[in-house]
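Chains, contacts and geometry: an overview
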Amino acid sequence: MSALLDAEVARPLVDSFGRVHTDLRISVTDRCNFRCTYCMPEEGMQWLPREEVLSFEELERIAGLLVRQHGIRSIRLTGGEPTVRAHLPVLVRKLASLPVDLALTTNGATLHSVAPGLAEAGLRRVNVSLDTLQPDRFTELTRRDQLADVLLGIDAALEAGLSPVKVNVVVVRGVNDDEVVELARYGRSRGVTVRFIEWMPLDGGDAWTGDQVVTQAEILQRIAAVFPLEPIARGSEPAERFRYLDGRGEVGVIASVTRPFCEQCDRIRLTADGQLRSCLFSLEDHDLRGRLRSGATDHELSDAIEACVGAKWAGHAIGQVQFVKPRRSMSQIGG
Ligand code: SAM
C-alpha cells in the first residue's frame, strides 16, 4: 500500500492515481569505479561535466523543500557510485539534519574505509551490491578485482552500526544464476538480508534480453528447496519479503519485470544533474537545476515538483509493445 496522506504536509506529492510519494532517491554522481557488465560498457561512458552536477548546497535546498513542504520521509543516496563523490560525509551530515530515514546504496568497494565516517555523519543504513562470491567471476562481472574489498566493506558497515545492512544481487541467467543459493547462504551466515533483483532493461547498451531475466518464481524455488521460506506481508518497499522457516532472517526479491509494483510506488528520483523523475523508466525529465540556477523561488520549485509527480504514469510497461527504453541508463539516472 502506498503511504497515507499526512495532514501536516503542506503540498503532499499525490499523483493522478492517488499514490502518495514519500521516498526520494538522490543520485550524487553519474561516475562509478566499477564497470558491471549488465550496467555499463567498459569504455566510452560520457560523464557529466562537473558544473552540471548539483552542488551540496543545491541538493540540500531541494531535499529540504521536498521534506518540509512535500512530505518526503526517506532519502537514499545513490549514483553512479555515491562514494566516489568527494566529501560525501559532508552531504550526509547536511541531509541527516532533516527528519528523514537516510540510506545509501553502494558497490562497497571503499566501504571498509568510509563506513565509520558515514555512520558518524548520520547515515542510518546501507545497501551493498554484490552479485557473486567467486573472485574470478567478480572480476569478470565488475571488471575490477575487488571482491575482498566489498566483503570487508559489508563487515565494516555492520561494525559501524549501519542497520540494516542489505545486500543487492542482480541475477542474470548464464552469469550468476547458479549462485542464488550460495548468496542466500552468505546472507544467513552474516546476518544480512539479501535481495535478489530481476535484471531490468536499463543497461548502458543493448545487452538486455527477456530470456536472461531470472524470475522471482525461479529464484524463490531455488532458495526454498534448500532453505524453506514463507512470505511476509508486503509494505511499500519494492522487495517482496520472505522469512526463513528456521528463523535465520529473511530474503527479498525485487521483481520489477515479472511482478511490477508500480501501483504501490511512492518514489521519485533526482539525477546528479538535477532532473526530477517520477519513474526509473520515465521518458521525461523535469529540470530543477535550471530553475534553481535561474533564481526560482521555493514556490516555483514546488510547482515544478508537483508537475513532475502529476505527470507520473500508471506503470513502466516492460514487456509490453509500447515499452520504450529510457535514453539514460540506470547508472546515469541513479539506481
Ligand atoms: N553503484 C551503486 C551500487 O552498485 O549499488 C549504486 C548505483 S547502482 C546503479 C544501484 C543498483 O542497481 C545496484 O544494485 C545495481 O546492481 C543495480 N542495477 C544496475 N543496473 C541494473 C539493471 N539493468 N537491472 C537491475 N538492477 C540494476
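Let us look at the structure shown here. Quantities reported herein were computed from a predicted structural model and do not represent experimental measurements.

Considering the site of the ligand
Around the ligand there are 19 residues in total, and Tyr38, Gly80, Glu81, Ser129 and Met200 lie nearest to it. Within the side chain of Glu81, one N or O atom sits 2.9 Å away from a nitrogen atom of the ligand. Coverage of the ligand by the protein amounts to 95% of the 550 Å² it exposes when considered alone. Those elements that provide at least two residues to the shell around the ligand are strand S3 (101-106), strand S5 (165-171) and strand S6 (193-198). Its residues assigned to classes, the shell around the ligand comprises eight nonpolar, nine polar and two charged.

Some details on the packing of aromatic side chains
Throughout the structure, instances matching the rule amount to two aromatic pairs. Taken together, a centroid distance of 5.8 Å and an interplanar angle of 85° make the contact between Phe34 and Phe138 edge-to-face. Within this pair, whereas Phe34 is found in the loop between strand S1 (23-27) and helix H1 (56-70), its partner Phe138 is found in helix H4 (residues 135-142), the two being separated by 104 residues in sequence. The class of Phe34 is buried, set by a relative accessible area of 2%. You can call Phe138 buried: its relative accessible area is 2%. On the numbers, 5.9 Å between centres and 80° between planes, the contact of Phe227 with Tyr244 is edge-to-face. With Phe227 in the loop between helix H7 (216-226) and strand S7 (229-231) and Tyr244 in strand S8 (residues 240-244), this pair connects stretches of sequence that are 17 residues apart.

Comments concerning the environment of Thr132
Structurally, Thr132 can be placed in the loop between strand S4 (125-129) and H4. By relative accessible area, Thr132 is classed as buried at 1%. Beyond its immediate chain neighbours, meaning those up to four positions away, Thr132 contacts Arg137, Phe138, Leu141, Leu147, Glu179 and Leu183.

Focus on the pairing of strand S10 (residues 267-270)
Here S10 shows two buried faces, one formed by Arg267 and Arg269 and the other by Ile268 and Leu270. Strand direction decides the pairing type here: S1 and S10, joined by four bridges, are parallel. Note that in S10 the partner of Arg25 across the bridge is Arg269. Here two bridges tie S10 to strand S11 (residues 275-277), and the two strands are oriented antiparallel to one another. The residue bridging Arg269 from the neighbouring strand is Arg277, located in S11. Hairpin connection of S10 to S11: four residues between the antiparallel strands, including Gly274 at a positive phi of 80°.

Some thoughts on H7
Looking only at H7, the buried set comprises Gln216, Glu218, Ile219, Leu220 and Ile223. Residues of H7 that are buried make contact with S5, helix H6 (180-190), S6, S7, S8 and strand S9 (250-254).

Quick notes on helix H2 (residues 88-96)
Here H2 has its buried residues at Leu88, Leu91, Val92 and Leu95. The arc that holds the buried residues of H2, viewed along the axis, is 100°, so those residues lie on one side. On the buried face of H2, the contacting elements are S1, H1, strand S2 (74-78), S3 and helix H3 (111-121).

A few points about the sheet that holds S2
The pairing of strands in a sheet comes from backbone hydrogen bonds and takes either a parallel or an antiparallel form. In spatial order, the strands read S7-S8-S9-S6-S5-S4-S3-S2-S1-S10-S11-S12; together these twelve strands make up an open sheet with mixed pairing. Two strands lie at the open edges of the sheet, namely S7 and strand S12 (286-287), each paired on one side alone.

Focus: the side chain of Glu198
Within the secondary structure, Glu198 is located in strand S6. For Glu198, which is buried and forms no salt bridge, the nearest opposite charge comes from Arg259, at a distance of 7.2 Å. A distance of 3.0 Å separates a polar side-chain atom of Glu198 from the backbone nitrogen of Val257.

Observations regarding the packing of H2 against H3
Interhelical geometry of H2 versus H3 gives an angle of 25° and a closest axis separation of 8 Å. As far as their axial angle goes, H3 and H2 are roughly parallel. When the axes of H2 and H3 are compared, the crossing they make is right-handed. For the pair formed by H2 and H3, the contact residues are Leu88, Pro89, Val92, Arg93 and Ala96 on the first element and Gly117, Leu118, Glu120 and Ala121 on the second. In the contact of H2 with H3, the residues fall into six nonpolar, one polar and two charged.

Here is what the cut-offs are and how they apply
Residues numbered from 1 in each chain as written. Predicted model: local features only at pLDDT ≥ 70, side-chain atom pairs only at ≥ 80, totals over all residues. Heavy atoms only, no water. Near = heavy atom within 4 Å. Polar contact = N/O pair within 3.5 Å; in protein donor to acceptor, adjacent residues only side chain to side chain. Areas by Shrake-Rupley, 256 points an atom, 1.4 Å probe, with all protein chains shown as cover. Helix = DSSP H or I, 4+ residues; strand = E, 2+ residues; numbered from the N terminus. Nonpolar A, V, L, I, M, F, W, Y, C, P; charged D, E, K, R; others polar. Phe/Tyr/Trp six-rings, centres within 6.5 Å; stacked < 30°, edge-to-face > 60°. Buried < 20%, exposed > 50% of the residue type's maximum accessible area, 1.4 Å probe, protein only. Contact = heavy atoms within 4.5 Å. Pairing = 2+ DSSP bridges. Arc of directions from axis to C-beta. Lys, Arg positive; Asp, Glu negative; His and termini not counted. Salt bridge = Lys/Arg side-chain N within 4 Å of Asp/Glu carboxyl O. Axes fitted to C-alpha atoms, helices over the stretch in contact; angles between N-to-C directions. Parallel < 35°, antiparallel > 145°, perpendicular 65-115°, else oblique. Left-handed = near helix turned anticlockwise from the far one by under 90°.

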